[in-house]
There are 2 protein chains.
Amino acid sequence: MPLNIRKLDASAPDFAASLRAVLAFEAEDDRAIDAAVADILLDVRKRGDAAVLDYTRRFDRIDAADMAALEISSTELDAALEGLEPTRRAALEAAASRVRAFHEKQKIECGSHSWQYAEADGTVLGQRVTPLDRVGLYVPGGKAAYPSSVLMNAIPAQVAGVSEIIMTVPTPGGARNPLVLAAASLAGVNRVFAIGGAQAVGALAYGTATVPAVDKIVGPGNAYVACAKRRVFGTVGIDMIAGPSEILVICDGTTDPHWIAMDLFSQAEHDELAQSILLCPDEGFIGRVEAAANALLGDMPRSATIRASLEGRGAFIKVRDLAEACRIANDIAPEHLEISTQDPQQWAARIRHAGAIFLGRFTSESLGDYCAGPNHVLPTSRTARFSSPLGVYDFTKRSSIIEVSRAGAETLGEIAAELAYGEGLQAHARSAEFRMPARNADFEDQVEGDRNGASAGEQR
Amino acid sequence: MPLNIRKLDASAPDFAASLRAVLAFEAEDDRAIDAAVADILLDVRKRGDAAVLDYTRRFDRIDAADMAALEISSTELDAALEGLEPTRRAALEAAASRVRAFHEKQKIECGSHSWQYAEADGTVLGQRVTPLDRVGLYVPGGKAAYPSSVLMNAIPAQVAGVSEIIMTVPTPGGARNPLVLAAASLAGVNRVFAIGGAQAVGALAYGTATVPAVDKIVGPGNAYVACAKRRVFGTVGIDMIAGPSEILVICDGTTDPHWIAMDLFSQAEHDELAQSILLCPDEGFIGRVEAAANALLGDMPRSATIRASLEGRGAFIKVRDLAEACRIANDIAPEHLEISTQDPQQWAARIRHAGAIFLGRFTSESLGDYCAGPNHVLPTSRTARFSSPLGVYDFTKRSSIIEVSRAGAETLGEIAAELAYGEGLQAHARSAEFRMPARNADFEDQVEGDRNGASAGEQR
């Protein structure tokens, strides 16, 4: 049966509404899941390891005597790497090294250096940038266990200077995925626990006797994991709540239609809810992409998922021109945007919102997924309007530095006291005024200690 | 009655547990609030303006005919600024200008520039940094309505290049705070609505016929607002969920004890739940700070709040030395850290986790609250372990740029295809292989269009 993919025309009067309907995706707001997760988190907080063991027994069917039995040793991780078939190992190493190189560059460019400046009166202002101490990396188990995700989450943390990376990965029925373990070894993950679900999120957020509490939890997961991350946000940092993956392809109609069809497939094969959309001004080309998709589908081992995704959430959209395509792309704010056109830079310059922009016909999105270097953890569901790819900046934080000179305390004190009185905060005002000779009769007595101290300091 | 402030000794065997007890603060996990907020958000999403008007009638006792009546015009904002007493206006302008100068510096230093680099084979990688389009600024009403917060939230957004800032501020009983309106005028807020609570958060997140939907909501609020922000996170970005304010003072015992006492007061006067802690190696000095606090308390208009805060959540902690004080400070990860010592830099160098660090005895925290320049919106409740002061970076986001050359598609394709097959994602592999001549018999036919296109491009 030929693929039945939705076709829209951007010049149709109801286009805006049709597009909204295509994009509409409600993150599961399941009160049953929410209540179950709340209970699990509370239990893990209260009973620690014992609770984690119970849930792992129940959900993953692993009857571990204690948490130590659920820790995957570095020996086992390294053995997994050693055990890889050489071509695969070389590919994983090449990917890791490219991802590391990009993030090293990002560390330099993204403002992860501390800075400060002095004003004329000696007051110093600035910010210090420091890495997080300890980070938790949630890796999904089962069919969505992707070694590339281990690299993409762990490497930026390492590059940022995080001292300890704790990974959790559920192993339902006890099956450990050697590629995932190999990636953990390669990426320099410090400790790995074979646990998952809300109980793993709880263990990382609150800590147990065995699992150390982390400062931030990153990595994708199912509805329980997403719900747990939302709930522990505040106790720890979280990266984002990921929705289904998306690709938006803008094509001028000069790329081989088979290439475009396969690019749409590469997103659709992830998940029935994944979204693949093509924007093109050439109706004939859209027809050729559709024909190519029908010709290629049969060879795809995941053809059922691809069909469900394309028919349920995919779309071919005919646009007036590429400028309109860019406007629609900004409205969609896609996770992945492929600009498969001549002179793609001119169109990229018009894009304001997208997780990653793939330029030119040789840049298939799958190269970015694995090894181009930039991170494949990207904002989904229109969140590229306000959020960014996972990066070194997600594993650092800033502290403001304020050192006001004696002269600065007078000029700034005037302003602060005036505004503090205006806000009815007298202690704020007085605290500033204590440092101002004109407003503090005892000032000279009070800085006496300072003078002595200062001279003591000078004597050192 | 003299202040009864908890005293701890860091060398006591139960110190770790005592410190935990002092720091313990459970964000309200009130299921009634959560359910009420969920209902309000759903209603605003469904009924828009009508729902917002209903809740504003009910909670703020304002019987507005329509949303237009709840919009505060720019004329009214400007009039509020014009109407300020000259000294106050000058102070507000001086503060705004210093906050702007600091954030302009931050914009340069914090990595808000786009960057890219080319590899040997012509592949280009990088990141583009762009401002958010539209931001919502929630300003609390009533007693906690702080004009300084308007400046601190709006100015970094403006500096980042956000095109539109929409502010909401509840005006219970219709009372509009002229200082807040003046600050909005001064900071360049684009539109202001006199609405608040979960209904304002919903209006900003989903948009109504009158209130435009924003991309991110920043600003503090009560338990309903915090709960609503947590719930709309994902639809829009949010800044953080703020807890009670905190100050930690490290003092070597050479600063005037009155100054230190007043600094502790300046945090305590905010809120009964605010937390003020002093770390000092000199037991005699701790006694003098306590005596000063008792002497100063009577003059404080907010003495009841100060007393409740200091007695309920404050602490004087005797430490062995300043090195130990720094270790404890890292564990507390305070919002505000004052290092009131000789040679404060040597101790600041040991601090890993703090929202803002105030160095030297002249740097009262209140100078930072109003006008030093750095932001006063800071991570609370130990979240400085993983988050940062509000800044220009909160109003920008990044898009990755990937442009793979024809040669790059071959080398990267090898790696990507190998890993994609390993992950069972055949469409990913094929999509890469289509761009590799060695793996694609039809390659030359398929790039024919590209060649033609390229020559067409060259002819321009």
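Residues numbered from 1 in each chain as written. Chains lettered and ligands numbered in written order. Predicted model: local features only at pLDDT ≥ 70, side-chain atom pairs only at ≥ 80, totals over all residues. Heavy atoms only, no water.

**Q** Is there a simple way to explain the UniProt feature "binding site: substrate" (unreviewed entry) in chain A in this structure?
**A** Under the present numbering, the feature "binding site: substrate" (unreviewed entry) in UniProt falls on A:Ser245, A:Gln267, A:His270, A:His336, A:Asp369, A:Glu423 and A:His428. Across 184 residues, the annotated set is spatially dispersed, with a maximum C-alpha separation of 55.9 Å. Here A:His270 lies in the loop between helix H10 (257–268) and strand E11 (275–280). Sequence-distant contacts of A:His270, defined by excluding residues within four places in its chain, comprise A:Tyr146, A:Ser245, A:Arg302, A:Thr305, B:Leu425 and B:His428. Inspection of the secondary structure assignment puts A:His428 in helix H17 (residues 426–433). (UniProt positions renumbered as here; feature names shortened; annotations may be inferred. Helix = DSSP H or I, 4+ residues; strand = E, 2+ residues; numbered from the N terminus. Contact = heavy atoms within 4.5 Å.)

**Q** What should I look at first to understand the interface of chain A and chain B in this one?
**A** As a measure of interface size, the accessible area lost when the parts come together is often cited. Across the boundary between the two partners, chain A contributes 136 residues, which contact 136 residues of chain B. Together chain A and chain B conceal approximately 12000 Å² of surface at their shared face, both sides included; 57% is due to carbon and sulfur atoms. Run the count over chain A and chain B and you get 10 salt bridges. The partner of B:Asp215 in a salt bridge is A:Arg385, with the nearest N and O atoms 2.7 Å apart. There are 75 residue pairs in polar contact (both at pLDDT 80 or more) connecting chain A and chain B. Here the side of chain A that touches chain B takes 12 residues from helix H5 (residues 86–109) of chain A, the largest share from any one element. When the residues that make up the side of chain A that touches chain B are grouped by side-chain class, the tally is 62 nonpolar, 40 polar and 34 charged. Pairing of strand E14 (residues 356–359) of chain A with strand E15 (residues 396–403) of chain B involves 3 bridges; the strand directions are parallel. If you follow A:Ile357 over to E15(B), its bridge partner there is B:Ile401. (Buried area = accessible area lost by both parts, 1.4 Å probe. Salt bridge = Lys/Arg side-chain N within 4 Å of Asp/Glu carboxyl O. Polar contact = N/O pair within 3.5 Å; in protein donor to acceptor, adjacent residues only side chain to side chain. Nonpolar A, V, L, I, M, F, W, Y, C, P; charged D, E, K, R; others polar. Pairing = 2+ DSSP bridges.)

**Q** I'm lost on the UniProt feature "active site" (unreviewed entry) in chain A in this one. Help?
**A** Residues and elements named next belong to chain A. In the numbering used here, UniProt assigns the "active site" (unreviewed entry) feature to Glu335 and His336. Tracing the chain through its elements places Glu335 in the loop between helix H13 (322–332) and strand E13 (336–340). With residues near it in sequence (within four places) discarded, Glu335 still touches Pro244, Ser245, Glu246, Ala354, Gly355, Ala356, His376, Leu378, Pro379 and Thr380. In terms of polar contacts, Glu335 uses its side chain to reach the backbone amide nitrogen of Glu246, at 2.9 Å. Locating His336 in the fold gives a position in strand E13.

**Q** Looking at this structure, I do not really get the packing of helix H2 (residues 31–47) of chain B against helix H8 (residues 197–206) of chain B. What am I missing?
**A** Helix-helix packing is described using two parameters, namely the angle between the two axes and the distance between the axes. Residue and element names in this part refer to chain B. Here H2 crosses H8 at 45°, and the two axes come no closer than 9 Å. As far as their axial angle goes, H8 and H2 are oblique. Crossing angle aside, the handedness with which H2 passes H8 is right-handed. Contact residues: Val37, Ile40, Leu41, Val44 and Arg45 in H2; Ala198, Gln199, Gly202, Ala203 and Tyr206 in H8. By residue class, the composition of the contact of H2 with H8 is 7 nonpolar, 2 polar and 1 charged. (Axes fitted to C-alpha atoms, helices over the stretch in contact; angles between N-to-C directions. Parallel < 35°, antiparallel > 145°, perpendicular 65-115°, else oblique. Left-handed = near helix turned anticlockwise from the far one by under 90°.)

**Q** Looking at this structure, I do not really get the environment of B:Tyr224. What am I missing?
**A** Residue and element names in this part refer to chain B. Relative to the helices and strands, Tyr224 is located in helix H9 (residues 223–232). Taking the relative accessible area as the measure of exposure, Tyr224 reaches 37% and is therefore partly exposed. Excluding residues that lie within four positions of it along the chain, Tyr224 makes contacts with Ile33, Ala36, Val37 and Ala198. (Buried < 20%, exposed > 50% of the residue type's maximum accessible area, 1.4 Å probe, protein only.)

**Q** Before we go on, may I ask you to explain helix H9 (residues 223–232) of chain A in this structure?
**A** Counting along an α-helix, one turn takes 3.6 residues, and residues three or four places apart therefore face a common direction. Residues and elements named next belong to chain A. The complete set of buried residues in H9 reads Val225, Cys227, Ala228, Lys229 and Val232. Of the surrounding elements, those touching the buried residues of H9 are helix H2 (31–47), strand E5 (134–138), helix H8 (197–206), strand E8 (216–218) and strand E9 (237–238). Its side-chain oxygen 3.0 Å from the backbone nitrogen of Tyr224, Asn222 forms the N-cap of H9. Gly234 sits one or two residues past H9 and shows a positive phi near 115°.

**Q** Got a minute to help me understand the side chain of A:Gln267 in this structure?
**A** Residues and elements named next belong to chain A. With respect to the helices and strands, Gln267 occurs in helix H10. Judged by relative accessible area, which is 0%, Gln267 ranks as buried. Residues contacting Gln267, with those up to four places away along its chain left out, are Ser245, Glu246, Ile247, Ala274, Gln275, Ser276, His336 and Glu365.

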